[in-house]
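One letter stands for each residue in the lines below.
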Amino acid sequence: MVEKETRMKVDRRKFLTGVAVAGAATAATAASSAKAAPSSPATSRLPSALPPSAMTVAAETGTPKELTRTNRPDGSDFMVDVIKALDIEYLPSNPASSFRGLHESLINYGGNKKPEFLTCTHEESAVAMSHGYFKVAGKPLMTLCHGTVGLQHASMAIYNAWCDRVPVIVVGGNDLDAAKRPPGVPTYHSAQDINALVRDFTKWDDTPVSLQHFAQSFVRAYKIAMTPPYGPVAISLDAGLQQEPINGETLSIPRYVPTSPPQGDTNAVREAARLLANAERPVIVVDRVARTPNGIRLLVELAESLQAAVIDQGGRMNFPRTHHLARAPGVIGQADVIIGMELSDFWNTVNAWIDNGEHGVGIQESRIKDGTKLISISSVELNTKSNYQDFQRFQPVDVSMAADAEATLPALIEAVKAAIPNDRKAAIERRGEASRKAKAEARERNMAAAAVAWDASPISTARLTMEVWAHIKDLDWSMIGSDRQMSSWATRLWPMEKHYHHLGQSGGYGVGYNLPAAVGAALANRPHGRFSVNFQPDGDFMYAPGVLWTAAHHQIPMLTVMHNNRGYHQEVMHVQRLSNRRNRLASLGKTMGPIGTSLEGPDIDYAKLAASMGWWSAGPIKDPSELAGTLKRAVDVVKSGQPALVDVWTQPR
Ligand SMILES: Cc1ncc(C[n+]2csc(CCOP(=O)(O)OP(=O)(O)O)c2C)c(N)n1
Ligand SMILES: [Mg+2]
């Protein structure tokens with residue numbers, strides 16, 4: 001042992017000496033030494049990269065000059081005071097020089113608390129973590145990013161937050177003053193207007209030019225982000241301002257008073273109530289209604305007072321899935337009055353678009369009867385921009401309220417109760433009974449469908465969902481990822497009732513959301529001791545898997561169960577559909593799906609990948625009988641406070 005250690009030391013010394021010599025040679029005469037080298041086959045190769053310029057060498061190897069030291073506060077200390085005033089818990093971020101002033105203040109002046117810096121390996125992950133966190137906690141996070149390149153990375157996640165009406169405070173460092181900014185990299189990373197990158201899908205942005213301006217902008221940005229419809233905001237943060245000394249000026253932090261959300265106009269509420277109360281078959285369709293747990297309670301009250309079917313499109317956990325009025329979208333065809341609340345797509349709710357029509361474009365059909373009255377309550381009408389098409393197709397409606405649905409519900413419930421004619425009460429009760437029966441039948445059909453191919457390998461998505469359920473059903477659980485790509489089995493079969501039982505989707509369907517958003521949601525569940533479970537599609541995982549490291553580093557407990565269908569199955573289906581239409585073979589590759597859609601050969605080893613970043617992991621599991629034992633071990637790891645991943649080979653959907 002001793003002998004081995006001595007030898008290692010010697011070898012290492014020799015090795016280091018060699019490197020030092022080689023390094024010096026490279027720095028001094030890289031070009032000429034290449035020429036002078038003996039012409040053995042290995043060394044006669046020409047260098048594949050240009051020798052570094054003197055400036056690059058100096059930048060890479062030089063020691064920066066000591067800065068003059070001061071004991072007076074810099075501007076970024078005041079910025080920390082402003083941020084702290086808003087009680088922001090975490091700051092997921094990837095570090096960068098353009099916000100080094102604020103970064104240093106957050107640690108040394110702010111004590112790295114409220115907000116606590118979470119080290120992220122990608123800006124997209126930082127924003128998506130904030131997105132997922134908000135959906136559980138109801139409180140926004142802020143992120144700092146390198147103004148140009150960092151914001152470019154963050155932009156898709158900001159778009160998702162915009163489409164999903166989720167507040168995220170994005171602060172981008174930028175060196176504004178061209179006469180003062182350092183040359184080279186910091187200048188490449190500066191722009192006149194970094195916010196232009198994301199202006200089309202943020203609610204508001206600003207570029208403060210003084211510290212007092214920063215205080216106003218930050219509080220205003222927070223307030224705008226938190227006024228329904230919520231949304232992301234951006235602040236460009238000048239590097240000079242962060243390092244500017246505070247010279248005895250009087251600075252103040254504006255008080256934050258939350259804005260009350262807008263309610264529907266009284267007459268419109270009354271008209272909507274009259275239509276609903278007199279309807280034969282009223283249907284309530286909801287997408288992002290329950291901003292708070294109280295939203296769920298209010299929606300139950302409205303639905304029960306009418307015994308009206310509720311179709312939950314699932315942008316939020318709006319309505320208990322176990323309730324006898326929670327129904328599948330098919331009931332819309334029988335409706336005579338439909339109220340759509342915070343729908344992202346009213347047109348597609350009442351119309352169908354069927355792919356592969358006769359001329360290569362979709363066929364359009366109405367899903368509803370002629371004369372069905374439509375009512376809309378949507379806060380998004382107060383906040384649209386033109387370029388990105390998140391507002392979907394135009395749908396004319398009979399009563400249209402530009403208002404927040406949750407805030408309007410109390411008035412609507414009262415108006416509905418007052419408007420129900422006495423002679424309709426018995427009919428309303430009967431409606432409820434019919435719904436109870438239909439709901440029970442639908443449950444039986446779901447159970448029968450789930451049993452199909454129960455023993456299949458790769459494993460059926462329904463079996464996987466229920467194998468996981470067996471281990472979490474007695475815990476306070478939270479499904480932090482989406483189950484959509486798994487035929488929504490959890491939504492169909494698990495008793496989802498609480499606001500954190502499911503968290504909806506990405507909003508903009510920008511893939512790469514699920515994994516980082518799940519980490520953010522798990523972080524929000526952590527102080528409550530909730531068990532976080534994430535079904536994780538493989539394609540989504542591979543965009544930015546580095547967030548696994550963030551979860552391990554910051555000890556965020558969560559169970560990730562891979563839905564590893566070894567491909568971009570959504571796209572498999574698209575290419576397949578087009579090939580069918582054109583009477584051609586779809587599968588031309590060496591893999592299971594059409595070229596460009598498979599993630600096979602080599603098969604990605606998610607368990608190893610997760611282990612390399614500090615996760616407990618197991619798999620790939622292909623035989624369903626092996627699931628129970630492995631899942632039990634993984635659940636125990638998560639209960640002990642660590643993240644765990646189980647890789648499972650699954651059927652495509
Ligand atoms: C950023 C981005 N790139 C590409 C797409 C197109 N797209 C939609 S679904 C999908 C497949 C995702 O694969 P995976 O997450 O494994 O889900 P699967 O369809 O296999 O269940 C892709 C690539 C997208 N929506 N977003
Ligand atoms: Mg996949």
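Being a predicted model, the structure only gives us computed values, none of them experimental. (Residues numbered from 1 in each chain as written. Chains lettered and ligands numbered in written order. Predicted model: local features only at pLDDT ≥ 70, side-chain atom pairs only at ≥ 80, totals over all residues. Heavy atoms only, no water.)

Visitor: Describe a nonpolar patch on the surface, with residues and values.
Guide: A contiguous nonpolar patch, built from L585, L588 and I595 and spanning about 380 Å² of accessible area, is present on the exposed surface. Here L585 is to be found in the loop between α20 (569-581) and α21 (606-612). (Patch = residues over 30% accessible without salt bridge, like charges linked within 9 Å, V, L, I, M, F, W, Y side chains within 5 Å. Areas by Shrake-Rupley, 256 points an atom, 1.4 Å probe, with all protein chains shown as cover. Salt bridge = Lys/Arg side-chain N within 4 Å of Asp/Glu carboxyl O. Helix = DSSP H or I, 4+ residues; strand = E, 2+ residues; numbered from the N terminus.)

Visitor: Pulling in residues and values, what's your account of the sheet that holds strand β15 (residues 531-537)?
Guide: Strand pairing in a sheet is mediated by backbone hydrogen bonds. Such pairs are either parallel or antiparallel. Taken in spatial order, the five strands of this open sheet run β14-β15-β16-β18-β17, and their pairing is parallel. For this open sheet the edge positions go to β14 (477-479) and β17 (616-621), each flanked by a neighbour on one side alone. On average, each strand axis in the sheet is inclined to that of its neighbour by 15°, with strand direction left out of account. As paired strands, β17 and strand β18 (residues 644-648) are joined by four bridges and run parallel to one another. Looking at the pairing, S617 lines up with L645 of β18. Across the sheet, helix α15 (residues 461-472) lies against β14, β15, β16 (559-563) and β18, angled at about 165° from β15, the strand it touches most. (Pairing = 2+ DSSP bridges. Axes fitted to C-alpha atoms, helices over the stretch in contact; angles between N-to-C directions. Contact = heavy atoms within 4.5 Å.)

Visitor: Quick rundown of the packing of helix α10 (residues 266-277) against helix α13 (residues 405-419)? Include the residues and the values.
Guide: If you want to describe how two helices pack, look at the angle between their axes and the distance between the axes. It is at 8 Å that the axes of α10 and α13 come closest, and there the two elements cross at 50°. Comparing the axis directions of α10 and α13 gives the class oblique. α13 is crossed by α10, and the crossing has right-handed handedness. Of the residues in α13, those touching α10 at V269, A272, A273, R274, L276 and A277 are T408, A411, L412, A415, V416 and A419. For the contact of α10 with α13, the class distribution of residues is 10 nonpolar, one polar and one charged. (Parallel < 35°, antiparallel > 145°, perpendicular 65-115°, else oblique. Left-handed = near helix turned anticlockwise from the far one by under 90°. Nonpolar A, V, L, I, M, F, W, Y, C, P; charged D, E, K, R; others polar.)

Visitor: Before we move on, could you go through the state of the cysteines and cite the residues and values that matter?
Guide: Inspection of the entire model under this criterion finds zero disulfides. Lacking any disulfide linkage, C120 is separated from the closest cysteine sulfur, that of C145, by 11 Å. On the basis of relative accessible area, C120 is assigned to the buried category, the value being 2%. (Disulfide = S-S within 2.5 Å. Buried < 20%, exposed > 50% of the residue type's maximum accessible area, 1.4 Å probe, protein only.)

Visitor: So what's going on with the packing of aromatic side chains? Residues and values would help.
Guide: Scanning all chains against the criterion turns up 12 aromatic pairs. With a centroid separation of 4.9 Å and an interplanar angle of 75°, the aromatic rings of F541 and Y606 are classed as edge-to-face. You can see F541 sitting in helix α18 (residues 538-541) and its partner Y606 sitting in helix α21, a full 65 residues away along the chain. The pair F541 / Y606 is uniform in exposure class, with both members buried. These aromatic residues form a ring-pair network of at least three members: W469, W477, W494 and F535. Its end group placed over the ring of W162, R165 keeps NZ or CZ at 5.5 Å from the ring centre. (Phe/Tyr/Trp six-rings, centres within 6.5 Å; stacked < 30°, edge-to-face > 60°. Lys NZ or Arg CZ within 6 Å of the ring centre and 35° of its normal.)

Visitor: Tell me about the nonpolar core, and please be specific about residues and values.
Guide: If you look at soluble globular proteins, the nonpolar side chains tend to sit buried side by side. Membership of the largest hydrophobic core comes to 53 residues, with the highest contact counts inside it found for M142 and F218. Counting only elements with at least two residues in this core, the list comes to α3 (75-85), α4 (100-108), α5 (123-137), β3 (142-146), α6 (149-163), β4 (169-174), α8 (211-225) and β6 (233-238). Core analysis: the next-biggest nonpolar cluster, separate from the first, contains 38 residues, A273, A277, A303 and M401 among them. (Core = buried A, V, L, I, M, F, W, Y, C linked by side-chain atoms within 4.5 Å.)

Visitor: Any chance you could break down the environment of Y109 for me, citing the residues and the numbers?
Guide: Relative to the assigned elements, Y109 resides in the loop between α4 and β2 (116-119). In this structure Y109 comes out as partly exposed when scored by relative accessible area, which is 42%. Along the sequence, Y109 and P495 sit 386 residues apart, while their C-alpha atoms lie 46 Å from each other. When residues no more than four places from it in sequence are discounted, the contact partners of Y109 are D77, V80, D81 and E104. At 3.0 Å, the side chain of Y109 and the side chain of D81 are in polar contact. (Polar contact = N/O pair within 3.5 Å; in protein donor to acceptor, adjacent residues only side chain to side chain.)

Visitor: Pulling in residues and values, what's your account of the site of ligand 1?
Guide: Close contacts around ligand 1 come from 18 residues, with D538, G539, G567, H569 and R653 the closest. Taking Q485, its side chain carries an N or O atom lying 3.0 Å from an oxygen atom of ligand 1. Here a nitrogen atom of ligand 1 sits 3.0 Å away from a polar atom, N or O, in the main chain of V511. Compared with its free state, where it exposes 580 Å², ligand 1 has 77% of that area covered by protein. Counting only elements with at least two residues in the shell around ligand 1, the list comes to α18 and α20. In terms of residue class, the shell around ligand 1 is built from six nonpolar, eight polar and four charged. (Near = heavy atom within 4 Å.)

Visitor: I'd like to hear about the confidence of the model for the protein chain, residue by residue, with values.
Guide: Detailed conclusions should not be drawn from predicted coordinates in areas where pLDDT is low. Taken residue by residue, the protein chain gives an average pLDDT of 91. The fraction at 70 or more is 92%. Predicted confidence is poor over residues 1-43, with pLDDT under 50, and the contacts of this stretch with residues over four places away or in other chains come to eight contacts. (pLDDT = per-residue confidence, 0-100.)

Visitor: So what's going on with helix α11 (residues 293-306)? Which residues, and what values?
Guide: Residue pairs spaced three or four apart in an α-helix point in one direction, given the helix's 3.6 residues per turn. For α11, with 14 residues, the first-to-last C-alpha span of 21 Å sits near the 20 Å given by 1.5 Å per residue. Structurally, α11 contributes buried residues whose contacts are with α10, β7 (282-286), β8 (309-312), β9 (337-341), α13 and α14 (425-451). Of the residues trailing α11, Q307 is marked for its positive phi of about 50°. (Expected span 1.5 Å × (residues − 1).)

Visitor: Which residues make up the pattern of salt bridges, and what values do they have?
Guide: Tallied over the entire structure, the rule returns 25 salt bridges. Two residues, E271 and R274, come together in a salt bridge whose shortest N-O distance is 3.0 Å. Taken as a pair, E271 and R274 lie in helix α10 at a separation of three residues, close to a single helical turn. Judged by its relative accessible area of 31%, E271 is partly exposed. On the basis of relative accessibility, which here comes to 43%, the residue R274 falls in the partly exposed class. Put simply, R424 and E280 hold a salt bridge, and the shortest N to O gap is 3.6 Å. Of this pair, R424 sits in the loop between α13 and α14 while E280 sits in the loop between α10 and β7, and the two are 144 residues apart along the sequence. The buried category is assigned to R424, whose relative accessible area is 14%. Given the relative accessible area of 51%, E280 is considered exposed. Through salt bridges that share partners, D87, E89, K114 and K139 make up one connected network.

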